[in-house]
Every structure is written in structure tokens, then in C-alpha cells.
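The residues making up each chain are set out below.
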Amino acid sequence: TLYNLGRVFKKLGRKTKSQEFLKKFKEAEEFEKSATKLKQKILMKPEDMALRLNLADLYTQKNRIKEASIILHQAAYLGSEEAKNRLQSLPQKN
């Protein structure tokens, strides 16, 4: 994992490389926490399209286009015009 790589580089005395990996680990951890919180809120309020759009935005920001697309398709199926519009402008994953 990123955390373990950061610790290994620290033990090897490569402080800069260690900090890079630990920073990436922290960012990934924060992303997962945010995504989990939004998913939990969606389970509690499935009719709240803003939550679904926020989750899709979060995935898009991390270039996780497939996940964003799935969430937007769900919201569009549930009647969100905004989700339909965002699907049209979603970057295409090569």
C-alpha cells in the first residue's frame, strides 16, 4: 500500500519520497471517507439527487469515470435532468 511504501522509504532515509507516498495515502484515505459518507447518506435519502450528483462529482475529480457514470445513470433513471446533462459532458475513458 501507499502507507507501507512511505514507511519503507522513511526507513531507507529517503524522506522526500516517503512524504510523497504518505501524502498520496492520506489523499486516498480522505477520498474513500468522503465517498463512504455520501453513499451512506444516499442510503438514508435515496430521493436526494444532490447527494448522487455530489458523489458523481467526487468520482469525476479522481478520474474514476466508470463509477461516476454509474451514479449518473442511476440518478437519470430516477428522473434527474441534471444527471442526464452531466452524462453528456462526462469525459470519455479511453
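These numbers were taken from a predicted model, which means no experiment stands behind them. (Residues numbered from 1 in each chain as written. Predicted model: local features only at pLDDT ≥ 70, side-chain atom pairs only at ≥ 80, totals over all residues. Heavy atoms only, no water.)

## Some words on the packing of aromatic side chains
- The final tally for this structure, using the stated rule, is three aromatic pairs.
- Ring centres of F9 and F21 lie 5.5 Å apart, and the angle between their planes is 5°; on these two criteria the pair is classed as stacked. Taken together, the residues F9 in helix α1 (residues 2-11) and F21 in helix α2 (residues 15-44) connect sequence positions twelve residues apart. Note on accessibility: F9 and F21 belong to one class, buried.
- Of note, K24 hangs over the ring of F21, and the distance from its end group to the ring centre comes to 5.7 Å. (Phe/Tyr/Trp six-rings, centres within 6.5 Å; stacked < 30°, edge-to-face > 60°. Helix = DSSP H or I, 4+ residues; strand = E, 2+ residues; numbered from the N terminus. Buried < 20%, exposed > 50% of the residue type's maximum accessible area, 1.4 Å probe, protein only. Lys NZ or Arg CZ within 6 Å of the ring centre and 35° of its normal.)

## Considerations on the packing of helix α4 (residues 65-77) against helix α5 (residues 81-89)
- Following both chains from N to C, one finds α4 and α5 inclined at 145°, their axes separated by 7 Å at the closest point. Seen along the crossing, α4 lies across α5 with a hand that is left-handed. When α4 is examined against α5, the residues S69, L72, H73, A75 and A76 are found in contact with a partner set consisting of A83, K84, R86 and L87.
- Tallied by class, the residues present in the contact of α4 with α5 amount to five nonpolar, two polar and two charged. (Axes fitted to C-alpha atoms, helices over the stretch in contact; angles between N-to-C directions. Left-handed = near helix turned anticlockwise from the far one by under 90°. Contact = heavy atoms within 4.5 Å. Nonpolar A, V, L, I, M, F, W, Y, C, P; charged D, E, K, R; others polar.)

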